[in-house]
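Descriptive structure summary
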Amino acid sequence: MKVVEKETLPEPSANKVRVKLLAASATFTDTMVRKGVYYGFKEKPPLSPGYDMVGMVDKLGTAVANSTLRTGQTVADLTVWGAYTEYMIRPADSLIPVPDGIDPAEAVSVVLSYMTAYQMLHRVAKVKRGQSILVHGAGGAVGTALIELGRLLDLNMYGTASASKRELVQKLGVIPIDYRKEDFVTRLQTEGKVDAAFDAISGENFKRSFNSLKKGGILIPYGFYDQAMGRGGNVVLDYMKVMLWNVLPNGRRASFYSITDLHKKNPDWFKEDLGALFTLLAEGKIKPTIERRMKLEDAVEAHKLIESAAVKGRIVLRVAE
Ligand SMILES: NC(=O)c1ccc[n+]([C@@H]2O[C@H](COP(=O)([O-])OP(=O)(O)OC[C@H]3O[C@@H](n4cnc5c(N)ncnc54)[C@H](OP(=O)(O)O)[C@@H]3O)[C@@H](O)[C@H]2O)c1
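Residues numbered from 1 in each chain as written. Predicted model: local features only at pLDDT ≥ 70, side-chain atom pairs only at ≥ 80, totals over all residues.

Quick notes on the domain arrangement of the chain
Along its sequence, the chain is organised into domain 1 (16-109 + 266-318) and domain 2 (112-260). One C-alpha centre belongs to domain 1, the other to domain 2, and the line joining them spans 25 Å. Between domain 1 and domain 2, the contact holds 21 residues from the first and 19 residues from the second. For the side of domain 1 that touches domain 2, the leading source of residues is helix 10 (residues 267-282), giving 4 residues. Here the residues of the side of domain 1 that touches domain 2 sort into 11 nonpolar, 5 polar and 5 charged. (Domains from an automatic or database assignment. Contact = placed C-beta atoms within 7 Å. Helix = DSSP H or I, 4+ residues; strand = E, 2+ residues; numbered from the N terminus. Nonpolar A, V, L, I, M, F, W, Y, C, P; charged D, E, K, R; others polar.)

Below is the structure:
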């Protein structure tokens, strides 16, 4: 990646809005977009990564000039790509107002990572108060979000994380399992299997998570971390295996989660759920773990840190004050 400077600002067409960005997340998924290994992503480079953003309405297109949006208003959006930028053109109807008084870095932290966690817990697994769950990558962006939201439901949580993230995940409220030293399947067989397992590691891990479920439990695979890191595996094969386990009469279920698919299928849920997350943020019930706030120009370093699993929680790129 390199910074490209343009002479002029982009102009919004009739139904679009120019947004002046305040913050964008730097995430593992952005590294997949950059490397061209984000499954199903059709855009061709050169492009800017950036899956989500928070910014201020800068200019309204002619057809939306009288909408509820106003210049200077803070808004958020799930952009999927392109948010590592100072200005961006977005469809007016995809922008979601951010309540006053919320730190833009905390607001942007909930758009991709917390939304993923929230919808997996509430829309897919439909976990009930007091149930038990297994969270892989517990010290990462989605992992820490799952734990914080799980704590609000008084869940009994196990989380896999390397030693460097043990203290953090324990403090957030999970029983830590150092996956490099301990077999999580054996541990859960001894201490009790779980009602839901959230797994973005892929490959053999999906099977092991499935084997850690109680009768009636659900596996939610939602990513392909190992494959993106070049550790082998096959997305299509993984997908087919999971679908097969779901239909076999084994008393357990499995259901893939994709934020972009659910966003397209049910945009109203997205708006409702993001509203709920902003309320939790405003009420101080959640506090995203932001390890570093970096400048937009530091995106290359941010990706290196993410790809070496050196980040506890998340990195936010501050685009403007
Ligand atoms: N489906 C969706 O809609 C959706 C949405 C958002 C993200 N995702 C996917 O979810 C995954 C995680 O995203 P993220 O933003 O949370 O990434 P992240 O912040 O980089 O966190 C991933 C974490 O996984 C840990 N890890 C690596 N190998 C592991 C293993 N074998 N077992 C357990 N933990 C392991 C790493 O730390 P340690 O190894 O140090 O513990 C790292 O902290 C990515 O694959 C991403 O593409 C999917």
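Here the narrative resumes.
Concerning the pairing of strand 12 (residues 290-295)
With 5 bridges joining them, strand 12 and strand 13 (residues 314-318) adopt parallel strand pairing. Paired with Arg292 across the strands is Ile315, a residue of strand 13. Between the parallel elements strand 12 and strand 13, the chain passes through helix 11 (residues 299-307) in a crossover that is right-handed. (Pairing = 2+ DSSP bridges. Right-handed = clockwise from strand over helix to strand, strands pointing away.)

Regarding the packing of helix 1 (residues 28-35) against helix 11
As a packed pair, helix 1 and helix 11 sit with axes 9 Å apart at the nearest point and diverge in direction by 110 degrees. Classified by the interaxial angle, the pair formed by helix 1 and helix 11 is roughly perpendicular. Within the contact between the two elements, helix 1 uses Phe28, Thr31 and Arg34 and helix 11 uses His303, Ile306 and Glu307. Classifying every residue of the contact of helix 1 with helix 11 gives 2 nonpolar, 2 polar and 2 charged. (Axes fitted to C-alpha atoms, helices over the stretch in contact; angles between N-to-C directions. Parallel < 35°, antiparallel > 145°, perpendicular 65-115°, else oblique.)

Observations concerning the site of the ligand
Looking at the ligand, there are 32 residues lining it, with Gly137, Gly140, Ser162, Gly223 and Ile259 nearest. If you list the elements that add at least two residues to the shell around the ligand, you get helix 1, helix 2 (104-124) and helix 3 (141-151). Of the residues contributing to the shell around the ligand, the split by class is 17 nonpolar, 14 polar and 1 charged. Here the shell around the ligand spans two domains, and each of domain 1 (16-109 + 266-318) and domain 2 (112-260) adds at least three residues to it. (Near = placed C-beta within 6 Å.)

Describing helix 1
Because an α-helix packs 3.6 residues into every turn, residues spaced three or four apart end up facing the same way. Of all the 8 residues making up helix 1, 6 are buried; the element is thus mostly covered by neighbouring parts of the structure. Turning to helix 1, its buried residues are Phe28, Thr29, Asp30, Met32, Val33 and Arg34. Those residues of helix 1 that are buried lie in contact with strand 1 (16-26), helix 7 (225-228) and helix 11. Once helix 1 ends, the next one or two residues include Gly36, with phi positive near 75 degrees. (Buried ≥ 20, exposed ≤ 12 C-beta atoms within 10 Å, placed from the backbone.)

Some words on the sheet that holds strand 8 (residues 175-177)
Read from one edge of the open sheet, 6 strands run 8-7-6-9-10-11, paired in parallel fashion. On the outer flanks of this sheet lie strand 8 and strand 11 (253-254), each paired with one strand and no other. Pairing between strand 9 (residues 194-199) and strand 10 (residues 213-221): 5 bridges, direction parallel. Paired with Phe198 across the bridge in strand 10 is Ile220.

Details of the nonpolar core
Ranked by internal contacts, the top residues of the largest apolar core, which has 94 residues, are Ala23, Val108 and Leu317. By residue number, the principal contributor to this core is helix 2, which donates 12 residues. Look past the residues within four positions of Ala23 in its chain and what remains in contact with it is Met53, Val54, Pro104, Ala105, Val108, Val316, Leu317, Arg318 and Val319. (Core = buried A, V, L, I, M, F, W, Y, C linked by C-beta atoms within 7 Å.)

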